[in-house]
Every structure is written in C-alpha cells, then in structure tokens.
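# Fold and geometry: a report
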Amino acid sequence: AQSVTQLDSQVPVFEEAPVELRCNYSSSVSVYLFWYVQYPNQGLQLLLKYLSGSTLVKGINGFEAEFNKSQTSFHLRKPSVHISDTAEYFCAVSELTSGTYKYIFGTGTRLKVLA
Amino acid sequence: DTAVSQTPKYLVTQMGNDKSIKCEQNLGHDTMYWYKQDSKKFLKIMFSYNNKELIINETVPNRFSPKSPDKAHLNLHINSLELGDSAVYFCASSTPSGRAGTDTQYFGPGTRLTVL
C-alpha cells in the first residue's frame, strides 16, 4: 500500500519569505500526486497535481511543486508567501486498490505565515 | 451556489445516540466520498459511491451506513455513537477526468461531530 510522509507538522515563515513544504511517497509503478490546502474551518481545495510529463507543476496562488522520481518526493514551494497562505497543506497520492483509485493523504503541514 | 454542501456544520450529541449527516453536490459529479479527519488532522477515506453504487468501503464499523438516494446526494448515518467517533467528517465529489486516478476531488466544508 502507498504511504505519504509529510515530515514537517508545522512550518513558521515570515511574510514575503520563500517556503518549501516537504512530501515523500512510497514508490509505485505509476504515481499521481496532489497537493490540497485547507483554510481554517473549510474543506480542502486542490492546489496542483502531477499526472505525467513535466516534473515542475504550477498551481493556484503562486504555488508550484516538483516531482522527483529518484527521491520519491513531491515538495511544494512558493517564492514569497502572504499572510493569507496560512493554512494546513496536505499531500496525497492516488492509489489503485481492488480496481478502484483512492486518495492516501499525508498527515498535513501547518503553514503559519508571520507578519 | 455552493458546490458541495453539508448539514449540519456542527453536531454535538451523547454517546449511544444515532445521527445523520447530509451531503449534496450541484456539480453534476458521478462520484461522492466520505472522509473522516481526526483531531490530529489525519484524513482517511471511509466510503465512495459512483452513480449511487458503493465502490469503496474501508474498514469502517458497520455502525456507519452511507446512503445515496441519487447521485447528487450522499448521506452518512451513524448508529450508537461512541466517543471515538468525534471528528470532522468531509464529503467530497469528483467526476472522471479521462484517466483513472487523476480526478480532482471537491470537498465540502465539513461537519464537526462531538460525542459527549
């Protein structure tokens, strides 16, 4: 079974500084990877996803992520964060089980942007 | 024009009670899901329905029974509530994007269930 590891449970960063949120997954033949964001008291929404092709994926709100097959990583980055980026960020992998795909989520990273 | 809506937003109840959470999506999606998010923010799938048919049923106690009256609705009924059922429950929906396993899921705002 797939697993997703987000090593950092919390990441504090000052406004306008760059940030990287780390995600590692267990290897598989084919991998579909996702980053979702959860703002306080809201549901999750998709930031970006990697399906195939270019390893650098651009998403909404200035976020991007790089798929690295050799390191089984899919780290999320933003060059300059804003206070409004404060949220919980979840990495997920889509896993095929018994003929059906389902998401396996990491444990989340809380990004706290400081003024 | 909320895409995925859930009711109620908060639910506080006593152990042993039976309760339901309702979910509706107006996106025209074929597939709907229930997720449980525990106090440590860990998010795990419970059920998935495609066109009213159950396709994913994780190892969830049979006190939890999903029901899909039509493809726009997926309700979750919980019998004999226990303290450990306290969590945030998220409904989500998706539609096939052409390649299996790549669908974007759209999540509702969550229902915070507290069992006393």
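The following paragraphs examine the structure supplied in this document. Numbers given to residues run from 1 along each chain, matching the order in which its sequence is written. Here chains are named by letter from A upward and ligands by number from 1 upward, in the order in which they appear as written. Since the coordinates come from a predicted model, pLDDT governs what is reported: local features require at least 70, and pairs of side-chain atoms require 80 or more to be given and counted, while whole-chain, interface and lining totals use all residues. Water and hydrogen atoms play no part in the side-chain values, which are based on all heavy atoms of the structure.

## A short note on the overall build of chain B
Of the regular secondary structure elements, chain B holds 0 helices and 11 strands. Note on conventions: DSSP H or I runs of at least 4 residues are helices, E runs of at least 2 residues are strands, and numbering of each starts at the N terminus. Starting at the N terminus and walking to the C terminus, you meet the elements of chain B as β-β-β-β-β-β-β-β-β-β-β. What the globule rule says is 2.2 Å times the number of residues to the power 0.38, and the radius of gyration is computed from C-alpha atoms. For 116 residues, the compact-globule estimate of 2.2 N^0.38 gives 13 Å, and the C-alpha radius of gyration of chain B, at 14 Å, lies within 12% of that figure. Dimensions of chain B along its principal axes, counting C-alpha atoms only, are 45 × 30 × 30 Å. Each residue gets one of three labels from its accessible area relative to the maximum for its type: buried under 20%, exposed over 50%, partly exposed in between, using a 1.4 Å probe on protein chains only. Across the 116 residues that make up chain B, the buried fraction comes to 44%. Nonlocal contacts in chain B, meaning residues at least 24 apart in sequence, comprise 55% of its contacts between residues at least 6 apart. For chain B, the exposed area adds up to about 5,700 Å²; of that, 51% sits on carbon and sulfur atoms. For this count, His and the chain ends are skipped, Lys and Arg are scored as positive, and Asp and Glu as negative. Where a charge lies is defined by one atom per residue type, namely NZ (Lys), CZ (Arg), CG (Asp) and CD (Glu). Taken as two groups, the 13 positive and 11 negative side-chain charges of chain B have centres that lie 5 Å from each other. Working rule for contacts: check all heavy atoms of both residues, and any pair within 4.5 Å makes them a contact. In these tables, accessible area is a Shrake-Rupley quantity obtained with a 1.4 Å probe, and a residue counts as shielded only by the protein chains included in the view.

## Description of the side chain of B:E58
Tracing the backbone shows B:E58 in the loop between β6 (53–57) and β7 (64–70). Judged by its relative accessible area of 18%, B:E58 falls in the buried class. Between N or O atoms, a polar contact is any pair within 3.5 Å; within protein, one atom must be a potential hydrogen donor and the other a potential acceptor, and residues adjacent in sequence are included only when both atoms are from side chains. Reaching out from B:E58, the side chain makes a polar contact with the side chain of A:K102 at a distance of 2.9 Å. Looking at B:E58, its side chain comes within polar contact range of the side chain of B:K44, at 3.3 Å. If we ignore the near neighbours within four places in the chain, the residues touching B:E58 are A:K102, B:K44, B:I45 and B:M46.

## As for the environment of A:A17
All names here are of chain A. Following the sequence through the fold, A17 ends up in the loop between β2 (10–14) and β3 (19–21). The spatial distance from the C-alpha of A17 to the C-alpha of K78 is 8.7 Å, given a sequence separation of 61 residues. Once residues lying within four places of it in the same chain are set aside, the contact partners of A17 are K78, P79, S80 and V81.

## Side note on the state of the cysteines
In this description, the term disulfide denotes a pair of cysteine sulfurs within 2.5 Å. Taken as a whole and assessed by the stated rule, the structure comprises 2 disulfides over all chains. In this model, A:C23 is linked to A:C91 through a disulfide, with the two sulfur atoms separated by 1.9 Å. On the sign convention where negative means left-handed, the S-S torsion of about -65 degrees between A:C23 and A:C91 marks this disulfide as left-handed. One end of the pair, A:C23, is in the loop between β3 and β4 (24–25); the other, A:C91, is in strand β10 (residues 87–97), with 68 residues separating them in the sequence. The exposure class assigned to A:C91 is buried, which follows from its relative accessible area of 0%. Between B:C23 and B:C91 runs a disulfide, and the two sulfur atoms are separated by 1.8 Å. Linking B:C23 and B:C91, the disulfide has an S-S dihedral of approximately -75 degrees and is accordingly described as left-handed. Of the two residues, B:C23 sits in strand β3 (residues 19–25) while B:C91 sits in strand β9 (residues 87–94), which places them 68 residues apart along the sequence. The exposure class assigned to B:C91 is buried, which follows from its relative accessible area of 0%.

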